[in-house]
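In case you want the letters, here they are:
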Amino acid sequence: MGKRCQVCDGPIVDGRCKYCGMPYRCDAELYHLNEDRSEHYRHASAKVRKAMRESEIPLPDRSRTVSGTTKTQNVNARKTKNQTVKAQNIKTQDVRKQTAKKQTAAAQTARTYAGKSPAPAKKKKRKSKKAVIFWVILAGVVALIEYAPEYAERIGYEIENFVSDELGIDITGIFSEKKEDYGLPLSQEELAEYESFYIDTDAGTCVAGENEIIPGEYIIESGWEAVALEITEPSGKTETVKFDKAKQQERVELHTGYELTAVSLDEQYNYVALYQIQQYDE
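Throughout this description, residue numbers start from 1 for each chain and increase along the sequence as written. This being a predicted model, a pLDDT of at least 70 is required before a residue's local features are given, and a value of 80 or more before pairs of side-chain atoms are given or counted; all residues contribute to the totals for chains, interfaces and linings. Excluding hydrogens and water, the side-chain values take into account all heavy atoms of the structure.

As a further point, take the overall build of the chain. Every helix listed is a DSSP run of H or I at least four residues long, and every strand listed is a run of E at least two residues long, numbered separately from the N terminus. Looking only at helices and strands, one finds seven helices and ten strands in the chain. Note on contacts: a residue pair is in contact if any heavy atoms of the two residues lie within 4.5 Å. Long-range pairs, those at least 24 residues apart, make up 62% of the contacts in the chain between residues at least 6 apart in sequence. A 1.4 Å probe and the Shrake-Rupley method give the accessible areas. Residues count as covered only by the protein chains that appear here. Counting every atom, the chain has about 19300 Å² of accessible surface; 52% of that belongs to carbon and sulfur.

Okay, here's the thing in structure tokens:
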């Protein structure tokens with residue numbers, strides 16, 4: 001008979017109560033006797049630090065790290081459904097137009113036989129609702145970029161996603177700059193050779209030169225999709241390194257005083273991992 005939870009008497013599965021979530025795990029590698037978590041974290045190895053961070057992630061959220069396949073399949077299914085609905089709507093509109101034309105022609109023929117000249121039909125211009133929304137948003141973006149240039153890249157990224165999801169048009173790189181991948185991604189075995197740091201979406205702002213982040217060249221890897229790392233220079237210029245899939249990698253340079261903030265783009269908990277591949281003496 002398996003162990004039962006001491007709190008709610010529920011079954012213990014994978015070191016945690018299935019009903020109330022009470023942990024029952026051996027955390028000897030994460031904690032030492034008479035030593036609190038912060039003290040242990042300062043002298044722990046990179047592998048143990050990573051394990052300490054992952055231990056804070058709830059079990060339901062950990063399942064998201066396995067792969068982004070399920071979400072991708074849902075997105076593809078939703079897009080296919082939207083395309084099918086659009087095709088049906090277009091077919092229905094064509095049938096209605098043909099019917100209207102036939103009715104108009106019949107009415108004109110009847111007027112001609114009655115000795116009356118038919119009045120010229122007025123053409124109505126119909127604009128796509130989505131196209132109108134797109135141009136309105138574009139005008140607003142141009143205005144925002146002019147008065148708030150530090151948010152230009154973030155706003156451009158949101159516009160690219162909107163056009164791609166709603167209109168099915170790939171305009172990546174029009175509003176935000178495309179970056180070279182420098183031979184990325186690296187394998188997890190290759191990344192394990194470098195010192196690593198983690199910034200999650202609940203951590204707030206970290207500063208290079210402080211918070212254990214040493215100035216240098218880094219490979220940044222996303223935890224899951226829909227996350228971005230905002231890098232603000234001491235001059236106030238902000239760069240947004242965006243990720244739209246799990247384990248995506250980018251290469252950046254961090255100097256003393258650079259402020260780093262992990263931002264969730266879908267309002268879900270997320271994080272980014274920083275691997276130092278070169279240290280700068282500043």
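Picking up after the structure, the text goes on.
Glancing now at the sheet that holds strand E5 (residues 216-222). We call two strands paired when DSSP finds no fewer than two bridges between them. The sheet built from four strands is open, its strands ordered E3-E10-E5-E8 with antiparallel pairing. On the outer flanks of this sheet lie strand E3 (195-200) and strand E8 (249-254), each paired with one strand and no other. Each adjacent strand pair in this sheet contributes to an overall mean axis angle of 30 degrees, direction not counted. The pairing of E3 with strand E10 (residues 271-279) spans six bridges and is antiparallel. Each bridged residue has a counterpart across the sheet, and for Glu195 the counterpart in E10 is Gln276. In this analysis an axis means a line fitted to C-alpha atoms, helices contributing only their contacting stretch, and an angle means the value between N-to-C directions, from 0 to 180 degrees.

Quick look at the nonpolar core now. The biggest cluster of nonpolar side chains holds 19 residues, and the ones touching the most others in it are Ile199, Ile213, Ile231, Leu254, Leu260, Val272 and Leu274. Elements that contribute at least two residues to this core include exactly E3, E5, strand E6 (227-232), strand E7 (238-243), E8, strand E9 (259-264) and E10. With three residues, E6 is the largest single contributor of residues to this core. The contacts of Ile231, once residues within four sequence positions are left out, are Lys237, Thr238, Glu239, Val241, Val252, Leu254, Tyr258, Glu259 and Leu260. Here the nonpolar core consists of buried residues drawn from Ala, Val, Leu, Ile, Met, Phe, Trp, Tyr and Cys, with membership extended through side-chain atoms lying within 4.5 Å. We call a residue buried when its accessible area falls under 20% of the maximum for its residue type, exposed when it is over 50%, and partly exposed in between, using a 1.4 Å probe and counting protein chains only.

Another point: the pattern of salt bridges. Between Lys or Arg on one side and Asp or Glu on the other, a salt bridge is scored when a side-chain nitrogen of the former is within 4 Å of a carboxyl oxygen of the latter. On inspection of all chains with the given rule, the structure shows three salt bridges. Of the charged contacts in the structure, one is a salt bridge between Glu217 and Arg251, with a shortest N-O distance of 3.7 Å. One end of the pair, Glu217, is in strand E5; the other, Arg251, is in strand E8, with 34 residues separating them in the sequence. A salt bridge links Glu221 to Lys247; its shortest N-O distance comes to 4.0 Å. Linking Glu221 in strand E5 with Lys247 in the loop between E7 and E8, this pair joins segments that are 26 residues apart in sequence.

Right, let's get into the side chain of Ser196. Checked against the element boundaries, Ser196 lands in strand E3. Residue classification places Ser196 among the buried residues on the basis of a relative accessible area of 8%. Apart from the residues lying within four places of it in its own chain, the contact partners of Ser196 are Ala46, Leu274 and Tyr275.

By the element assignment, Met52 lies in helix H2 (residues 46-55). Expressed as a C-alpha distance, the spacing of Met52 and Arg37, which sit 15 residues apart in the sequence, is 9.0 Å.

Next up on the list: the state of the cysteines. Note: disulfide means a covalent bond formed between the sulfur atoms of two cysteine side chains. Note that a disulfide, as used here, is simply two cysteine sulfur atoms within 2.5 Å. In this structure the tally under the stated criterion is zero disulfides. No disulfide involves Cys8; its sulfur sits 3.4 Å from that of Cys17, the nearest cysteine.

What follows deals with the pairing of E10. Pairing of E5 with E10 involves seven bridges; the strand directions are antiparallel. Following the sheet pairing, Ile219 is matched in E10 by Tyr275.

The next subject is unusual backbone geometry. Located in the positive-phi region is Asp9, a residue other than glycine, with phi close to 65 degrees. Tracing the chain through its elements places Asp9 in the segment before strand E1 (12-13). In this structure Asp9 comes out as partly exposed when scored by relative accessible area, which is 47%. The phi angle at Glu267 is positive, at roughly 60 degrees, despite the residue not being glycine. In this fold, Glu267 is placed in the loop between E9 and E10.

As a further point, take the sheet that holds E9. For sheets, the rule is that strands pair by backbone hydrogen bonds, running either parallel or antiparallel. Taken in spatial order, the four strands of this open sheet run E4-E9-E6-E7, and their pairing is antiparallel. The two strands at the open ends of the sheet, each matched to only one other strand, are strand E4 (205-207) and E7. In this sheet, adjacent strand axes meet at a mean angle of 25 degrees when their direction is disregarded.

Another aspect to go through is the confidence of the model for the chain. Within a predicted model, pLDDT stands for the predictor's per-residue confidence, ranging from 0 to 100. Per-chain confidence: the chain averages 76 in pLDDT, with 68% of residues scoring 70 or above. Note that residues 65-69 has pLDDT below 50 and, in this model, one contact with residues that lie over four places away or in other chains.

Attention now goes to the pairing of E5. E5 sits mainly inside the fold: seven of its seven residues count as buried. One ladder, built from six bridges, connects E5 with E8; its direction is antiparallel. Within the sheet, the bridge partner assigned to Ile219 lies in E8 and is Arg251.

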